[in-house]
Amino acid sequence: MTDLYPVDPAFASQARISGEDYQRDYQTSVRDPEAFWKQAAQRLDWYKAPTRIKNVSYDLDDFRIRWFEDGELNASVNCLDRQLEKRGDKTALLFEPDSPDAASYPVTYRELYERTCRLANALRALGVQKGDRVTIYMPMIPDAAVAMLACARIGAIHSVVFGGFAPNSIADRVADCGSKLIITADEGLRGGRKIPLKANVDAALKLPGTNSVETVLVVRHTGGAVDMQMPRDRWFDAVVEGQPAECEPERMNAEDPLFILYTSGSTGKPKGVLHTTGGYLLYAAYTHEAVFDLREDDVYWCTADVGWVTGHSYIVYGPLANGATALMFEGVPNYPDMSRFWQVIDKHQVTLFYTAPTAIRALMREGEEPVKKTSRKSLRLLGSVGEPINPEAWRWYYEVVGDSRCPIVDTWWQTETGGIMITPLAGAIALKPGSATLPFYGVQPALVDANGEVLEGATEGNLVLLDSWPGQMRSVYGDHQRFIDTYFRTYPGTYFTGDGCRRDEDGYYWITGRVDDVINVSGHRIGTAEVESALVAHPKVAEAAVVGFPHDIKGQGIYAYVTLKAGEAPGDDLVKELVAWVRKEIGPIATPDHLQWAPGLPKTRSGKIMRRILRKIAENAPDQLGDTSTLADPGVVDSLVSERKVK
Ligand code: 6R9
């Protein structure tokens, strides 16, 4: 029996959405999506209000996803201009630096508006036009949001690249979308260490395919020394100086692209997930208000980085479109000590806190003391995102962090979905530790078996979504066919999430994790194919196979099997060299936790690597290898099992 945490009556009495509201509005949202979303669209400011609400077909021969297609708006106007009258002096972004000894400061809506307009004017002056791509490679500072909003203002499509990615990964992403301009900073700061952002950009721009970049704008953040290559490189301060603090926004069609965000899939290079303006912004704003039960005086903190979709939707676009105060934290949970999160909560009187299970598990390991020495009285709601949260971590989050006072919203969603899809609404839905509970308005989850048969009742299967929602991605940048093939061909007529899921007798959803070749490391998606191609790019490596395995803190870790070229000798030094190589090729988040030498890999007679078997060996479950009769050489498995790295 699982525990049930009923809706707290005190919370419910103040909440935006009651249980009755949810039941009624959910029914309307799926029975009559046109009416529901037409009404919902009123929460945005439109130059031209949409009259055509939904135009969607998942039919492979007649495929289209369009929302609000005759509507016109500008995302930055919705996040900034329209807040000025009532909230000009309200804090939009509250910056908390890496070091608690450095100054934190607020950025008001008016300041954010002016900074955005200045940069938008500067971008126009540098020749950036509607539809051009701009790469943003920044630390977690307010200028990252300014950069995104300035692009949105002039209709340029931003592509934010996480500051932890290495030059190769930057170059791939710049080349894929043909960015004209990059906005970066001299350095970032994380846990007292400097991240050489500008130097990484310099290295990336030496790589092939990056010739499209004409200009690099450099924010002076740490003041560290950087090479400025004129005329390509320009100081951010110098180009915005003297620009007017107002900037005529571009009138965008609802279906004009807002941004590209690269994410890992089962095969090949990361995909440029494309989101458009109207549907995305509406969905981010609506879910942010509803799921976090947002009130005017909330201080909301999402610990994600703007380099991930969570930062896009729930630090920048959702909160600002709602006129909220969002805290932006440059640092890490364990610097200068394990109490930092809770100290920041006390310092800024944070009311809504949204973080990832991996952080909770890491902090849980340190015991209660670092938490208990802080007050956390300001908190009223907690959130979780990025990966399944195990019930033990959930309870610790609930009891120790929230003092058994604050509901937890475990929000399931994806880069592709733009916003939260399955989640409790704290005033409406009873909680079960480990379950994302029930679908948000307009979301129709279903479970299918391997043949695509829809399964009813309490069961387990692959999670699909039967109909579209406004925040859905519209394409893979530059490869629309890949979009259709990846998400709509597996189970025709549905969007396939790539996740496995269980539904219990109360209709609650329990995400069990990816069923494809994506590894979720600390909430970050890594494609096995990406790590494999980095490994085989090393001159000594002949072949590599990479799988995920259960990891206490990270959720999943990366386990690599490597076959060396003939004549190369395995050894501990080479293990270190290859691990460092992957870090250098992709970035630290892709660092293999284990690397095992494989004289051969288990393959079918047609030459396919049998990952199912490699996963079981990595999990240390050699008794569960299953059917190995289709292997070309079953002896390979025995030797891998006996050589397995001990954890
Ligand atoms: C928002 C985000 C998406 C994948 C997704 C799933 C996993 C995210 C989850 C969760 C269980 C949750 N995931 N939230 N699994 N419970 N609350 O994380 O986007 O980086 O694209 O990852 O993350 O496996 O498919 P993204």
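Residue numbering note: each chain is counted from 1, following its sequence as written. This being a predicted model, a pLDDT of at least 70 is required before a residue's local features are given, and a value of 80 or more before pairs of side-chain atoms are given or counted; all residues contribute to the totals for chains, interfaces and linings. To get the side-chain values, take all heavy atoms of the structure and skip hydrogens and water.

The name that an unreviewed UniProt entry assigns to the protein is Acetyl-coenzyme A synthetase, with the source organism given as Pseudoxanthomonas dokdonensis. UniProt positions are given in the numbering used here, feature names are shortened, and annotations may be inferred rather than shown by experiment. Word for word, the UniProt comment on the protein under Sequence similarities (unreviewed entry) is "Belongs to the ATP-dependent AMP-binding enzyme family." Annotation of the protein in UniProt includes, under Catalytic activity (unreviewed entry), the sentence "acetate + ATP + CoA = acetyl-CoA + AMP + diphosphate".

A.B. asks: When you look at the overall build of the protein in this model, what are you seeing that I'm missing?
C.D. replies: For the purposes of this entry, the term helix denotes a DSSP run of H or I that reaches at least four residues, the term strand denotes a run of E that reaches at least two, and both are numbered from the N terminus. Scanning the protein from N- to C-terminus turns up 20 helices and 31 strands. The reference for a compact globule is 2.2 Å times residues^0.38; the radius of gyration itself is calculated from the C-alpha atoms. Relative to its length of 647 residues, the protein is compact, with a C-alpha radius of gyration of 24 Å against a globular reference of 26 Å. If one aligns the C-alpha atoms of the protein with their principal axes, the spans along those axes are about 75 × 65 × 60 Å. With a 1.4 Å probe rolled over the protein chains alone, any residue whose accessible area is under 20% of its type maximum counts as buried; one over 50% counts as exposed, and the rest are partly exposed. Here the protein, with 647 residues, has 61% of them falling under the buried criterion. The contacts of the protein with a sequence gap of at least 6 include a subset with a gap of at least 24, amounting to 72%. Whether two residues are in contact is decided by their heavy atoms: any pair within 4.5 Å suffices.

A.B. asks: What's the story with the domain arrangement of the protein in this structure? I'm lost.
C.D. replies: Size of an interface, as often reported, equals the accessible area lost when the parts are brought together. Domain annotation of the protein identifies domain 1 (92-273 + 299-325) and domain 2 (522-643). Segmentation into domains, and thus their bounds, comes from an automatic or database assignment. Computed from C-alpha coordinates alone, the two centres of domain 1 and domain 2 are separated by 35 Å. Listed per partner, the contact involves 14 residues of domain 1 and 14 residues of domain 2. Put simply, buried area is how much 1.4 Å-probe accessible surface two parts lose in total, over both of them, once they are put together. In terms of surface lost to domain 2, no three residues of domain 1 exceed Asn-168, Ser-264 and Trp-308, which account for 39% of the buried area on that side. Throughout this description, the term salt bridge denotes a Lys or Arg side-chain nitrogen within 4 Å of a carboxyl oxygen of Asp or Glu. In this structure, the connection of domain 1 to domain 2 is made through 0 salt bridges. By the criterion applied in these results, polar contacts are pairs of N or O atoms within 3.5 Å in which, for protein atoms, one can donate a hydrogen and the other can accept it, and in which residues neighboring in sequence qualify only through two side-chain atoms. Between domain 1 and domain 2 we count 6 residue pairs in polar contact (both at pLDDT 80 or more) in total.

A.B. asks: What is the right way to look at the site of the ligand in this model?
C.D. replies: The immediate surroundings of the ligand are formed by 17 residues, with Asp-410, Thr-411, Thr-415, Asp-499 and Arg-525 found nearest. Contacts to the ligand include Asp-410, whose side-chain N or O atom sits 2.7 Å from a nitrogen atom. Here Asn-520 contributes a side-chain N or O atom positioned 3.4 Å from an oxygen atom of the ligand. A 1.4 Å probe and the Shrake-Rupley method give the accessible areas. Residues count as covered only by the protein chains that appear here. In the complex, the protein chains occlude 96% of the 530 Å² of accessible area that the ligand would expose alone. Mapped onto the shell around the ligand, the elements with two or more residues apiece are α11 (309-321), β20 (408-411) and β26 (509-514). The residue classification treats Ala, Val, Leu, Ile, Met, Phe, Trp, Tyr, Cys and Pro as nonpolar and Asp, Glu, Lys and Arg as charged. All others, Gly included, are polar. Counted by class, the shell around the ligand contains 6 nonpolar, 6 polar and 5 charged residues. One heavy atom within 4 Å of a molecule or strand is enough for the residue carrying it to be called near that molecule or strand.

A.B. asks: Just to check I follow, could you spell out the pairing of strand β28 (residues 524-527) for this structure?
C.D. replies: Successive residues of a regular strand alternate their side chains across the two faces of the sheet. Burial along β28 is two-sided: His-524 and Ile-526 and Arg-525 and Gly-527, pointing in opposite directions, are all buried. Two strands pair when backbone bridges link them, and strand β27 (residues 518-521) and β28 are joined in this way by 4 bridges, in the antiparallel orientation. Of the residues in β28, the one forming a bridge with Asn-520 is Arg-525. By the convention used here, strands pair only if DSSP detects at least 2 bridges between them. The hairpin formed by β27 and β28 contains 2 residues between the paired strands, and Ser-522 there has a positive phi angle of roughly 50°.

A.B. asks: What should I look at first to understand the pattern of salt bridges in this one?
C.D. replies: A side chain with one charge can pair with a side chain of the opposite charge if their charged atoms come near. Scanning all chains against the criterion turns up 44 salt bridges. A salt bridge links Asp-45 to Arg-82; the shortest N-O distance between them is 3.9 Å. Taken as a pair, Asp-45 in the loop between α3 (33-40) and β1 (54-57) and Arg-82 in helix α4 (residues 75-87) lie far apart in primary sequence, 37 residues in all. A relative accessible area of 38% means that Asp-45 is categorised as partly exposed. The partner of Arg-525 in a salt bridge is Glu-416, and the shortest N-O contact between them spans 2.9 Å. Highlighted residues: Arg-525 in strand β28 and Glu-416 in the loop between β20 and β21 (445-448), separated in sequence by 109 residues. Given the relative accessible area of 15%, Arg-525 is considered buried. Glu-416 gets classed as buried once you look at its relative accessible area, which sits at 1%. Ionic contacts of the salt-bridge type, sharing partners, join the residues Lys-198, Asp-202, Arg-232 and Asp-233 into one network.

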